[in-house]
Amino acid sequence: MLLSELRLEPRALASAVWSSECVPELRLWHRLLKVVALLFLRFDDPTTRLPRAPRRGAQRFWDNPRVSATSLLRSAQRPAFDALAAHATVLVAHDTTEVNRTGPNEPDDAGPLRSNTARGYLVHSAVALTVDEHRPLGVLDTQVWTRSWKLKQQDHKHRPNHQRESIKWRRGIRRVAAEARERKLPTTLIHLMDREGDVHANFEFARRHKHLVVVRAAHDHRVRGSTGMLWSTLQARPVASAWSQSVRNELSNDLRKQARAAGRDALDALEAAHKRAGPRREAQLQLRFASVTLENTKKGKKAVEVAAILVQENNAPAGSEAVEWMVLTTCEVSEASQARAVMKHYEARYGIEPVHRIWKSGLHLESETVANVESFRRLMSVYVPLATQIARWTYVSRETPRAPAAPHVAPRTLAILKEACRFRKIALPRRAWTIEDLVMRLAQLGGYEPRPDRKPGWIVIWRGWRELQRFEAIFNFAKSSGKQDSS
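Given the structure is predicted, the values throughout are model-derived calculations rather than measurements.

Colleague: Please give an account of helix 4 (residues 69-84) that cites residues and values.
Modeller: Counted at 1.5 Å a residue, the expected span for helix 4 with its 16 residues is 22 Å, and the 23 Å between its end C-alpha atoms agrees. The sharpest bend along helix 4 reaches about 30 degrees and sits at R78, with the proline P79 one to four residues further on. Every buried residue belonging to helix 4 is among A69, L72, L73, S75, A76, Q77, P79, A80, F81, A83 and L84, and all of these are buried.

What follows is the structure, encoded as C-alpha cells:
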C-alpha cells in the first residue's frame, strides 16, 4: 500500500482514482465526484435519510448508457496493480458474493440466488493480499452477471465448461495474469479459492497455463494409488509436522443435531454450555502431505497432478468440532515447511471477506437502486476503490503506526479532529500526530474503547469519520454565527 494514496476526503479520493477522461463529458465528471461524496455520506445512514436530489442524481449516473463501466473499473483497479510491483509474492483471493435485489425496486433482469425467494446479481472479485500481514492491496478483478432462470433445472452436469458458472474462477485468474503480464510485473501471484473452486477443470487449467493455485478441497476425489480416494490416501501418509495452534471453538455438528432432535430447550442448554468454554481454544494439529494425481472418468478429461495437504486435530475436546483442513495446490510441496507455508497462504483467503462486508454493510450495496445489470456494473466500478480505501485505513495503523499523519490529511482536517477530541474529552498526543494517533482518535469518535487485546475495525473508524464530518459542519456554523454576532 502506498501511503500517499491514503485519502480521507471523498473528492480527493475520487480525483486520485479517476479523471475526467473516464467519462464522456465534464458534467458527468462533476456528477461522479458528487456520487462518491454521497456514498461516504450515507456510510452510516439509510438511503431514505438523505436528500432526494443527490439520490436521484446517483441513480441517473448508474443508468446512463454513455458511462463506461469498463473505463471506470480499469482506472479503479490501476492503483491495486501498481501496488503489486513492490512485492515479490502476492496472494490473490477469489470469491463470489450474492447481491440481493429483492424488493419494490427489484430489476427485471434480477436472477435467482441461493434462497428460493431471493432475486439479484452475483459479483466475483479477486483481491490482492500481502503474504505476511494478509492486508488488502486492492481489487484486481470484478465480474458481475445475472443468473439465468434456466439454471434452476440443475443441468450443469451436461453443459460444457465454458457455459458453467465455474468458469468465473478461470476467467478471473486469466484476466489478472494478463494484466500483470502486460505491465511486466515481476510479482509471483498465488491464487486462493474456497471449496466452490474445487473443480477438476480449474486444476487442469492451472497446470496447463502454469498458474499457482491453492484450493480448499470439497470432494473426495478419485486418485491413482492403492486406496483410490483422496482422504484415505492422505490419512495413510506419515505425520510430517505437528504443532499447537489457537483455533475457533466451534460446537460439534453431531451434538448440535442430537440436541436439535431433542427439542429447543436441549439445544439452548448445549449452546449456553459451549459458550461458557470461550470463543477460542488450543488445538493439537498434525500435517500430512503427498503428491497425488486426480483422475476424472468423464470423456476428454485429463488426469492432473497436484499436491494435497491434510491438517487434522487428534483428541478434540468433548463438544467441540475437530479441526480438519484439506487443500489442493499446484505450488511445489516437497517438505513440511513448504506445506505449512501453503496452509498459511490459504488462511489469507479470509482477507477478501471485509471487502464484501464493506460493500454491503458500509456502502449499502443492496439498497442502491439500479435499472439492470449494466447499471449495476457501473455502480460496482465505483464501489471497488471505495471499499479498498476503507479497508486500507483499518490496516495502516497496524502496519506503519509511527508514520507521520500530516502528509496524508489536510491541515484543516487535522485541526478539526483536534477540536472534536477536545469536545469529546479524548486525550490528544503530546507529539506530532502519527497514523496510529489519527486512526485511534477517529475510532474513538466512532465509539471505540481502547483495549490492549483488540484493534479498531473498519466500522468504528469510518463511523468516526462520519462523526468528524458532522462536527465540522456544526463547528463551521457556530464559528460563522459568532462572527456575524460580533459584527
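Next comes the rest of the description.
Colleague: Account for helix 12 (residues 373-399), with residues named and values stated.
Modeller: With 27 residues, helix 12 extends 38 Å between its outermost C-alpha atoms, agreeing within 8% with the 39 Å of an ideal straight helix rising 1.5 Å per residue. The largest bend in helix 12 amounts to roughly 30 degrees and is located at W393. Burial within helix 12 is extensive, with 23 of its 27 residues counted as buried. Two to three positions downstream of the cap, the backbone nitrogen of E374 sits 3.1 Å from a side-chain oxygen, assigning the N-cap of helix 12 to N372.

Colleague: Got a sec to walk through the packing of aromatic side chains? Specific residues and values, please.
Modeller: Ring pairs (aromatic) are described by centroid distance and by the angle formed between their planes. Taken as a whole, this structure holds 4 aromatic pairs when the rule is applied. On the basis of an interplanar angle of 45 degrees and a centroid distance of 5.8 Å, the ring pair of F423 and F471 is categorised as tilted. Within this pair, whereas F423 is found in helix 13 (residues 411-423), its partner F471 is found in helix 15 (residues 458-486), the two being separated by 48 residues in sequence. Overall, F423 belongs to the exposed group, its relative accessible area being 60%. We classify F471 as buried; its relative accessible area is 18%. Ring centres of F471 and F475 lie 6.0 Å apart, and the angle between their planes is 20 degrees; this geometry places the pair in the stacked category. Taken together, the positions of F471 and F475, both in helix 15 and 4 residues apart, correspond to about one turn of that helix. Looking at F475, the relative accessible area reads 26%, which means it is partly exposed. One aromatic cluster is present, formed by F423, F471 and F475 through successive ring pairs. Over the face of the ring belonging to W243 we find R340, whose NZ or CZ atom lies 3.8 Å from the ring centre.

Cut-offs applied
Residues numbered from 1 in each chain as written. Predicted model: local features only at pLDDT ≥ 70, side-chain atom pairs only at ≥ 80, totals over all residues. Heavy atoms only, no water. Helix = DSSP H or I, 4+ residues; strand = E, 2+ residues; numbered from the N terminus. Expected span 1.5 Å × (residues − 1). Bend = angle between axes of the 7 residues up to and from the residue. Buried < 20%, exposed > 50% of the residue type's maximum accessible area, 1.4 Å probe, protein only. Polar contact = N/O pair within 3.5 Å; in protein donor to acceptor, adjacent residues only side chain to side chain. Phe/Tyr/Trp six-rings, centres within 6.5 Å; stacked < 30°, edge-to-face > 60°. Lys NZ or Arg CZ within 6 Å of the ring centre and 35° of its normal.

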